[in-house]
Amino acid sequence: MNLLAWPLIISLFSAALCMALWQQPLWQRRLGLVGSGANALVAIVLLQTVLRDGVQVLHIANWHAPFGITLVADLLSAIMVAMTAVMGLSVHFYSWFCMDRDIETYGFHSLFHFLLLGVYSSFLTGDIFNLYVSFEIMLIASFVLLALGNRRAQIEGALKYMALNLFGSFLFLGGAGILYGLLGTLNMADVAVKLATVDNPSLTNALALVFLVAFGLKAAVFPFFSWLPASYHTPPSAVSAIFAALLTKVGVYCLMRFFSLIFVGDQSFTHEIIAVIGLSGMVFGVLGAVSKNEIRRILSFHSISQIGYMIFGFAMMTPLAIAGALFYVLHHSIVKSNLFLIGGAIHRIFGSYHLSRLGGLYRSHPFLAAVFLITALSLAGLPPLSGFFAKIFLVQAAFLDDRPLAVFIMLAVGLFTLISMSKIFDKAFWKPLSSEHKPSPIEPSPSAQLGMMLPITFLAILTLLLGLGVPFAYDVFYQAAEQILNPSEYIDRVLGGAP
Amino acid sequence: MQTTLALLSGIVFACGVFLILRRNMVKFVFGLALISQGINMGIFTAGGLVRHRAPLIPSDQDLLAAGSADPLPQAMILTAIVIGFGILAFTIVLILRTYEVFGQVDIDEVRAVDR
């Protein structure tokens, strides 16, 4: 059975049903969580299928490519979908215990599934215009999620997020229009075949840059990142966590897809630009993070620096580097959203995210401290956690690719990451709580604490397992990287009719 | 005709960019609307402007006859217009809400206290 449409169908129906159960938060929750759980199952089976049988293709309504809308899952898409589903389930479970009643009543669960619908469909679609539509679904859902709750900071964050992301979408749409005018098709595989025959390097490069800027805005790469630290720290922590896990990854995925399948003609031009913005992003992001004193702001700036690693790894275009970049995407998604979840748990206990108003958590909540330490060290890249292997692959690839400066930058940025993570640990966990900042009296109930700790612990174990299971994971990522570097299977399966 | 429309699309886009660079958020909304229209016009132009027959398949045939116009750009623009309309509606509501909360439409003055 072809599973490709199921993640979309399940999210769409969960979203619609949650909306129909307006004003009944309890049923919305149950239904929403069932939907997330079903998607996690489907996504894992899909990943297995793709590993076993290669690229999967679904021509919707049997209109064959390049005329109809095609859903395609190669290993890259399947890994991304599995990541989305697992993160969606964990964060959704967490939100059960710490979301405001108001936000739930006004459609949190429905919007959550709409957001996932957009993300799944961006990962699975094989058509550029369809990708635009998926982006918009994702964007509109994320606007509302960001503003839901109506606090002043949220409105400010939503404005900045909206302004830059909308501009990115318009650029993408414009690029798609020009591409259609040039080639008369928007099916990605078909575009790849036809663009290879176009002999007009300046036009293709200009188009490549339009898409680079559009996706760069989504992925928050170096010069376009300002919306991310302006908005990610404002919504409830479950929303920040799912944004950090998935939204920028969609941009990274699109960059990988477009610059490995479509714009591969002039790599010394396009991919060098990607490498440079990746490296600059690493440096600027981590410097921003070191300078901040609010947990979520530190985490947001780190995202920028980590995205730099991913796209730099991709830009090297060797199997090792791309496998490392994919590993990094998965690792970062787990770790970063877990840190946001832990931040949310700290906020529930102390009523603040400011390091100056926190302290003594190590004494009062030793388990939370242990889980935070595992996750933070994984982000900084200490063995045997997943972050270490993600970095070591990229460093090794950069060595082999003869880029000593990049190796130096990556290692230095890793050191700064460690510094800012130890700052959080020092100030929130070790430092005794100053007497003027008493913890807020709303200590969550034991069941709520357990409910928040479950997904946090699960994700912490996941980063540990990803680190310990490197031989297996690396195999999968290496296969995916080879598929990315040699897209002929993708193109043949899409254009060649039934597999 | 093609050149005129291409230029026009560029001018509309440029006006939109000028407007979204203003600090006043109401002008920002107008800028967004203009950019969206400029892009739509761009797709329309890029899709090819030629006098062809309407792309209708006669009932006794399976395929579109040669020399018909390409209906796809219009379909894409239609989708883009609908999406753009939805986004514009949301943007306006968000800005209205900003005005209610902050009493301002100047983006530089919108500063949340609890940061």
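Residues numbered from 1 in each chain as written. Chains lettered and ligands numbered in written order. Predicted model: local features only at pLDDT ≥ 70, side-chain atom pairs only at ≥ 80, totals over all residues. Heavy atoms only, no water.

Trainee: Would you mind going over the overall build of chain A with me for this structure?
Mentor: The helix and strand inventory of chain A stands at 21 helices and two strands. On the principal axes, the C-alpha backbone points of chain A span a range of 70 × 55 × 40 Å. Evaluated residue by residue, chain A yields a buried proportion of 64% over its 499 residues. Taking all contacts inside chain A whose residues are at least 6 apart in sequence as the whole, residues at least 24 apart take part in 81%. Accessible area of chain A: about 16800 Å², with a carbon and sulfur share of 69%. Across chain A, the centroid of the 25 positively charged side chains sits 14 Å from that of the 22 negatively charged ones. (Helix = DSSP H or I, 4+ residues; strand = E, 2+ residues; numbered from the N terminus. Buried < 20%, exposed > 50% of the residue type's maximum accessible area, 1.4 Å probe, protein only. Contact = heavy atoms within 4.5 Å. Areas by Shrake-Rupley, 256 points an atom, 1.4 Å probe, with all protein chains shown as cover. Lys, Arg positive; Asp, Glu negative; His and termini not counted. Charge placed at Lys NZ, Arg CZ, Asp CG, Glu CD.)

Trainee: Explain the interface of chain A and chain B to me, please; I cannot follow it from the model alone.
Mentor: Interface size is commonly expressed as the accessible surface area that is lost when the partners come together. The interface is formed by 32 residues belonging to chain A together with 35 residues belonging to chain B. Three residues, A:R152, A:F170 and A:Y180, lead the burial of chain A against chain B; their summed loss comes to 23% of the area buried on that side. Along the contact surface separating chain A from chain B lie zero salt bridges. At the junction of chain A with chain B, the criterion picks out two residue pairs in polar contact (both at pLDDT 80 or more). Of all the secondary structure elements, the ones that give two or more residues to the side of chain A that touches chain B are helix 6 (128-147) and helix 7 (152-183) of chain A. Broken down by element, the side of chain A that touches chain B gets its largest block of residues, 19 residues, from helix 7 of chain A. In the side of chain A that touches chain B, the residues fall into 21 nonpolar, five polar and six charged. (Buried area = accessible area lost by both parts, 1.4 Å probe. Salt bridge = Lys/Arg side-chain N within 4 Å of Asp/Glu carboxyl O. Polar contact = N/O pair within 3.5 Å; in protein donor to acceptor, adjacent residues only side chain to side chain. Nonpolar A, V, L, I, M, F, W, Y, C, P; charged D, E, K, R; others polar.)

Trainee: Would you mind showing me how to read the layout of surface pockets here?
Mentor: The gaps left among the atoms become clear once a water-sized probe is rolled over them. Looking at the largest pocket, its volume works out to about 730 Å³. A:P66, A:F67, A:G68, A:Y180 and B:L72 are, among the 22 residues lining the largest pocket, the residues nearest its centre. Elements represented by at least two residues in the lining of the largest pocket include exactly helix 6 and helix 8 (188-195) of chain A together with helix 3 (72-102) of chain B. With four residues, the top contributor of residues to the lining of the largest pocket is helix 3 of chain B. Looking at the lining of the largest pocket residue by residue, the classes come out as 12 nonpolar, six polar and four charged. (1 Å grid on protein atoms, 1.4 Å probe; cavity = no way out; pocket = protein on both sides within 12 Å on 5 of 7 lines; lining within 4 Å. Points joined across faces, edges and corners; volume = space filled by probe spheres on them.)

Trainee: I'm lost on empty space enclosed by the protein in this one. Help?
Mentor: Residues and elements named next belong to chain A. By the definition in use, this model includes three cavities of 30 Å³ or more. Computed from the structure, the largest cavity encloses a volume of approximately 40 Å³. For the lining of the largest cavity, the elements supplying multiple residues, two or more each, are helix 6 and helix 7. The residue makeup of the lining of the largest cavity, split by class, is five nonpolar, one polar and one charged.

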